[in-house]
Amino acid sequence: MPNPIKRHTALQPISREHHHGLLLSWKIREGLNRDIKPARIKKFTDWFWENHLQQHFEFEEKYIFPILGEDNKMVKRAIKEHRRLKRFFTSSDRIAINLSLIEEELVAHIRFEERELFNFIQEVADKDQLALIELTHQKIPNPEAWEDEFWVKHKH
Ligand SMILES: [Fe+2]
Ligand SMILES: [Fe+2]
C-alpha cells in the first residue's frame, strides 16, 4: 500500500485488510498463470470470502460508509462493487471466469477505496466517528493461514 503514513490510525487496520486483499488477487493471478485447477483456487477464495472479506465489507458498510451517507456517489459506487464482488465469490459456475473477475475487480475496488474514498472519509469524519471505528473494529483472522499455498513455486 503506497500511503499508510497518511492514513488515520482509526482506519489503519482496514488498510491492512486491503493489503491482504491485494495479496489475494496476486495469489489468484499466480495460480491461474501456473495452470492450477480453478476448483483448487476457489477453495481458497471461498475461505477468504467467508473468513475475511465478507466481514470487511460488512464493517465498511456499517461503520465507515455511513459517515458520508448512502446518497454519496463514492459510497454508491463502493456498495455496487461489493455486490459484484460478492457475486463473483459466491457463484458456483464459470469458476475460472469468476476468479479472473475477482482478481481484476478486487484490486480496482481497493485502489478506489484507498486513493479516493478513504482519503475523503478521514477528511470529513469527526473525532467521535473515527473513535467509534477504532473501537468497533474486530480483528479478522489472518488470511495467511491457508495451508494449500498453490501460489508458492515448489508446491505443485
Ligand atoms: Fe470495500
Ligand atoms: Fe475495503
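The present account deals with the structure reproduced in this document. Not measured: the values here are computed from a predicted model.

## Examining the packing of helix α2 (residues 38-64) against helix α3 (residues 73-90)
- Axis separation between α2 and α3 bottoms out at 10 Å; the angle between their running directions is 160°. As the angle between them shows, α2 and α3 are arranged roughly antiparallel. The two elements α2 and α3 meet at a crossing, and its hand is left-handed. In this structure, α2 uses K42, T45, D46, W49, L53, F57, E60 and E61 to contact α3, whose residues at the interface are I79, H82, L85, K86, F89 and T90.
- By residue class, the composition of the contact of α2 with α3 is six nonpolar, three polar and five charged.

## Some remarks on helix α5 (residues 127-136)
- Of all the residues in α5, the buried ones are L130, I133 and T136. Each buried residue of α5 sits inside an arc of 135° when the element is viewed along its axis, so together they form one side. Exposed and facing more than 90 degrees away from the buried side of α5 are K127, D128 and L135.
- Each element contacted by the buried residues of α5 is listed here: α2.
- In this structure D126 caps α5, since a side-chain oxygen of it lies 3.2 Å from the backbone nitrogen of D128.

## Topic: the coordination of the iron ion (ligand 2)
- Distances from the iron ion (ligand 2) to its protein donors, namely H18 (NE2), H56 (NE2), E60 (OE) and E113 (OE), fall within the range 1.9 to 2.2 Å.
- Coordination of the iron ion (ligand 2) draws on donor residues from a single chain, spaced H-x37-H-x3-E-x52-E in sequence.
- In this structure the iron ion (ligand 1) is found 3.0 Å away from the iron ion (ligand 2), and E60 serves as a bridging donor for the pair. Pair noted here: H56 and E60 are both in helix α2, with a separation of four residues, about one helical turn.
- On the accessibility criterion, H56 (2% relative accessible area) is buried.

Criteria and cut-off values
Residues numbered from 1 in each chain as written. Chains lettered and ligands numbered in written order. Predicted model: local features only at pLDDT ≥ 70, side-chain atom pairs only at ≥ 80, totals over all residues. Heavy atoms only, no water. Axes fitted to C-alpha atoms, helices over the stretch in contact; angles between N-to-C directions. Helix = DSSP H or I, 4+ residues; strand = E, 2+ residues; numbered from the N terminus. Parallel < 35°, antiparallel > 145°, perpendicular 65-115°, else oblique. Left-handed = near helix turned anticlockwise from the far one by under 90°. Contact = heavy atoms within 4.5 Å. Nonpolar A, V, L, I, M, F, W, Y, C, P; charged D, E, K, R; others polar. Buried < 20%, exposed > 50% of the residue type's maximum accessible area, 1.4 Å probe, protein only. Arc of directions from axis to C-beta. Polar contact = N/O pair within 3.5 Å; in protein donor to acceptor, adjacent residues only side chain to side chain. Donors = N, O, S within 2.8 Å, 3.2 Å for Na, K, Ca; no water.

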